[in-house]
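The lines below spell out each chain.
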Amino acid sequence: MQKTILVTGATSGFGNAIARLFAKNNFKVIITGRRADRLQTLKEELEQQYSVPVITLQFDVRNRKATEQAIASLHDKVERIDILVNNAGLASGLSTIDDGDVDDWDLMIDTNVKGLLYVTKQVVPFMKKQGSGHIFNLGSTAGKLVYKNGNVYCATKYAVDALTQAMRIDLLVHKIKVTSINPGMAETEFSLVRFKGDDEKAKKVYQDITPLQAEDIANTVYYCATLPNHVCINDLTITCTEQANGIYSIKNI
Ligand code: NDP
Ligand code: 8X3
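Quick caveat: nothing in here was measured; it's all calculated off a predicted structure.

With that settled, the discussion passes to the site of ligand 1. Among the 30 residues in the neighbourhood of ligand 1, the closest are listed as Thr11, Ser12, Arg34, Tyr153 and Thr188. Take Thr11: an N or O atom from its side chain is 2.7 Å from an oxygen atom of ligand 1. Within the contact set of ligand 1, an oxygen atom lies 2.9 Å away from a backbone nitrogen or oxygen of Phe14. Looking at the shell around ligand 1, its residues break down into 12 nonpolar, 12 polar and 6 charged.

Note that Thr4 resides in strand β1 (residues 4-7). If near-sequence neighbours (up to four positions away) are discounted, Thr4 is found in contact with Phe27, Lys28, Ile30, Val78, Arg80, Ile81, Asp82 and Ile83.

The next thing to look at is the site of ligand 2. Inspection of the region around ligand 2 gives Ser140, Ala142, Tyr147, Tyr153, Phe190 and Arg194 as its neighbouring residues. A distance of 2.6 Å separates an oxygen atom of ligand 2 from a polar atom in the side chain of Tyr147. Contact between ligand 2 and Tyr153: an oxygen atom at 2.6 Å from a side-chain N or O atom of the residue. If ligand 2 stood free it would expose 240 Å²; the protein chains cover 83% of that surface. Taken together, the residues of the shell around ligand 2 sort by class into 4 nonpolar, 1 polar and 1 charged.

The rules behind the values
- Residues numbered from 1 in each chain as written.
- Chains lettered and ligands numbered in written order.
- Predicted model: local features only at pLDDT ≥ 70, side-chain atom pairs only at ≥ 80, totals over all residues.
- Heavy atoms only, no water.
- Near = heavy atom within 4 Å.
- Polar contact = N/O pair within 3.5 Å; in protein donor to acceptor, adjacent residues only side chain to side chain.
- Nonpolar A, V, L, I, M, F, W, Y, C, P; charged D, E, K, R; others polar.
- Helix = DSSP H or I, 4+ residues; strand = E, 2+ residues; numbered from the N terminus.
- Contact = heavy atoms within 4.5 Å.
- Areas by Shrake-Rupley, 256 points an atom, 1.4 Å probe, with all protein chains shown as cover.

Right, here's the structure in full:
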């Protein structure tokens, strides 16, 4: 039986690498994001390269109605969803609480916390019906230790950590595994988004260090997803070798 994975935020970074790796390994792939052109390009590429079906769903996870409608449309298209990767997320800004921009706060809370909940709520019925499933939530080292100026972004990732623990308890009876993946510094579009398109500032984050790459996280998710049925990795924190935690790295030690 061909398994199905749904990856939110597959237009870039971790989500993109995860979609690629699972397609390579013969999964049916459902990819989501706001940028329709990138979704279409990825779909064509994966279908051609790996001959697997790829479904695109273009929606903003902050929009509850759009999220509900997009995932409801899957009932006619797929029989099951074996894996959900709640990956869509972002940091916006990096400043003290008193200097923080309230719009940035709303954006991060609505995307990283509420968006994750909206998607999960719609996907869990598939998993309950099939009596199995695996949910991955992208947390962060920022959800394990607060760093200077990280305030609201860190809070959203602490919330993801709490929700991951809660889901694992609540969904236990349905045989649904729940795993949190908590990466440290990884070179994706993350910093470009955090610094609102300031390429120079974004590049500086990854200077003088060998950061994680998106493929490192994809390989980790794949490893966790392909363990025997009776094994569930609950929580994994992964940093590059030159980073100790959300505060200390080779750049500031
Ligand atoms: P990228 O910016 O490269 O990718 C983020 C993805 O999320 C994009 O595909 C984007 O798609 C999607 N996304 C963002 N906002 C929304 C939205 N409102 N609705 C739908 N999709 C959205 O970043 P990463 O790959 O690095 O980040 C992925 C996850 O990993 C995030 O949750 C991030 O917090 C977390 N993380 C990142 C780390 C890093 O250092 N890179 C470390 C630890 C955790 P689109 O714009 O097309 O909607
Ligand atoms: C992303 C990693 O260190 O920018 O979650 O918070 S960090």
